[in-house]
Number of protein chains: 2
Amino acid sequence: MPAKTYSPPAYPIERMDLIAAELAAVVERFEEELGSDLPCVNELTRHVSRFRGKMLRPTLVFLCGRAIGELTPAHITVATVVEMVHMATLVHDDVLDEAAMRRRGATINRLRGNEAAVMLGDYLISHSYHLCASLTDPVVARAIARTTNQVCEGELLQLHNRGNLELDEETYITIISRKTASLIAVSCYLGAKLAGADDAAAKRLEKYGLSLGIAFQIQDDILDITGEERKVGKTLGIDIEKRKLTLPVIHFLQHAPAEHQELCRSLLGADEPRAAERIRKLIMPSGSIAYAHDRARRLVGRAKQGIAELPESEAKQRLIAMAEFVVERSL
Amino acid sequence: MPAKTYSPPAYPIERMDLIAAELAAVVERFEEELGSDLPCVNELTRHVSRFRGKMLRPTLVFLCGRAIGELTPAHITVATVVEMVHMATLVHDDVLDEAAMRRRGATINRLRGNEAAVMLGDYLISHSYHLCASLTDPVVARAIARTTNQVCEGELLQLHNRGNLELDEETYITIISRKTASLIAVSCYLGAKLAGADDAAAKRLEKYGLSLGIAFQIQDDILDITGEERKVGKTLGIDIEKRKLTLPVIHFLQHAPAEHQELCRSLLGADEPRAAERIRKLIMPSGSIAYAHDRARRLVGRAKQGIAELPESEAKQRLIAMAEFVVERSL
């Protein structure tokens, strides 16, 4: 077992000590929960720790809790749950995407085969519900299960629209709201709720999370086109390769000069190895990247506005900074 | 939506009317729970109903409940949950096995691709926890999550031992206890518990389920070798093709005449299309099939013994008949 410490990554926040102890407790609980009497299972789950990234979702659980009141032991459980659900979706996403690289390392499917990746994802999701069930208040289990239903629906809707060159912005927003933003929103909601927020306050933080989550995914989708693989640390260009249309591409196909639209369409239908690279080069300098960025920034504005009425606190300031970071990050 | 009726299949029991209404309620709840506002999701989940088979697990929930006392609304929920978890494992199993046929129809992975099958399995598992979370008593959610942890461990242990020609009987029993028997055992346990069984009585029915579940999987593994594809209604020979050693093969590799062992070993290592068929023909007439059958029958004996002390009732008689059916069935 690796030492159970957690060094916060490159957030634009100088001191994370407000919730550093809680984040370390999440890492500990995570590993505790996944422990098995079967050595081969432990060997496989060891890979997962390497994927631990920004811990965005646990951070939001704690900051939203702090913005409302005191953190409780249930906050640690919920933060571990949302991180574990997130890891499960990453592992299954990589199977769906046939991705080879994640967080600067090989993906599970690349290392151990698709079958192990499917089962490892199932193992993670099962343990996350197992953690939920350890709480006496059923509100957490209900909210998490409702959210994972939505995550799956988002993934299925995305899959259904693979290769659909007519995908519109609204459907795209539905996809990413469910597959990504719903888990971020419930992190905020439960963080607030468990700290004693009334329903209106918890809903406000849920809305903050939803806007932030949508913006987060838009930025992710932008980076899939504009990012540098070495810097981002995962396989890029996958959306295009898998013909998942994202906001910049959707906008490009509707607003670029006609001959560019035409070229992009034919490349999206082409089965040639350099097609994805050519599409990226076509879209990168276009106004469609700026458009997507702008939409993400407006969502961040809405997120910040949603929490403006919270009483002043360090946690509130961090929530504002996190919203800004989401659209400025390059990794 | 198809009509919400359920005709019990070829059980050796003439009248299933003792629990027919409850089984019909499971079908209804199942479809209700999976409904989505997204047409593409409903289109996909429609496929699942076609896979509905013997409803072994819901039947056990109800019979164990009846053997103890009265059925409650929670019994319907639990029965729906265990059937849904079972369906999820079938869908992901077919991805792992690259199986083409299930319950006389094409598998989801064959029809819609591996990606849709992975996500559909996730959707089913998420909805089964969502159903658990609808109950106020956390005992169900805890038992189910603990069970799905075990199911995943069993699958991972099996995956880890693919191609391991030294796999021993004990490890094989561990694999099938977790991946198959644990869900059958928890069906019995919860059925009894929700009908008001004390802990000792619920544990006895859990043990009955565990023995029956192990026997069930041994019989399944025998049929993978001896069955007729047309009759069984799913792709056979897959265990051998995927180099998953099952009880007959494990026994054969230790007890067959030396030259047969040798041939079997070399065929298991061979990458030729007819290898699985040749192994099946080699093992079919051997004492190893009889050995596996015998082991399954002894487990059934133990299962029946475990419920001998229950007061006489129609439900008890059905539980005995089900245990016998498990090892006599040819589909």
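First, a word on what this report is: a plain description of the structure on this page. Only a predicted model underlies this, so the values are computations on that prediction, with no experimental measurement involved. (Residues numbered from 1 in each chain as written. Chains lettered and ligands numbered in written order. Predicted model: local features only at pLDDT ≥ 70, side-chain atom pairs only at ≥ 80, totals over all residues.)

**Observations concerning the overall build of chain A**
- Helix and strand content of chain A: 15 helices and two strands.
- Split into buried and exposed, the 331 residues of chain A put 52% on the buried side. (Helix = DSSP H or I, 4+ residues; strand = E, 2+ residues; numbered from the N terminus. Buried ≥ 20, exposed ≤ 12 C-beta atoms within 10 Å, placed from the backbone.)

**Some remarks on the packing of helix H12 (residues 258-269) of chain B against helix H13 (residues 275-283) of chain B**
All names here are of chain B.
- Closest axis-to-axis distance for the H12/H13 pair is 9 Å, and the angle between their directions is 155°. The orientation of H12 relative to H13 falls into the category roughly antiparallel. Once H12 is placed against H13, the crossing between them reads as left-handed. Residues His260, Leu263, Cys264, Leu267 and Leu268 of H12 form the contact with H13, whose own contacting residues are Ala275, Arg278, Ile279 and Leu282.
- Residues that form the contact of H12 with H13 fall into these classes: seven nonpolar, one polar and one charged. (Axes fitted to C-alpha atoms, helices over the stretch in contact; angles between N-to-C directions. Parallel < 35°, antiparallel > 145°, perpendicular 65-115°, else oblique. Left-handed = near helix turned anticlockwise from the far one by under 90°. Contact = placed C-beta atoms within 7 Å. Nonpolar A, V, L, I, M, F, W, Y, C, P; charged D, E, K, R; others polar.)

**Some words on the environment of Ala202 of chain B**
Residue and element names in this part refer to chain B.
- Looking at the secondary structure, you find Ala202 in helix H8 (residues 199-226).
- Along the backbone, Ala202 and Tyr189 are 13 residues apart, and their C-alpha atoms lie at a distance of 5.1 Å.
- In contact with Ala202, other than residues within four places in its own chain, are Tyr189, Ala192, Lys193 and Ala197.

**Concerning the relation of the copies chain A and chain B**
- Note on the copies: chain A fits chain B at an RMSD of 0.0 Å, the axial shift is 0.0 Å, and the rotation between them is 180°. Taken together, the rotation angle and the small translation identify this as a two-fold axis.
- When the interface residues of chain A are mapped onto chain B, 100% of them are again interface residues, pointing to one common binding face. (Least-squares fit on C-alpha atoms with pLDDT ≥ 70 in both.)

**Quick word on unusual backbone geometry**
Residue and element names in this part refer to chain A.
- Of note, the phi angle at Met55 is positive, near 50°, even though the residue is not glycine.
- Along the chain, Met55 falls in the loop between helix H2 (39-49) and helix H3 (56-68).
- Residue Met55 is classed as buried on the basis of its 23 C-beta neighbours within 10 Å.

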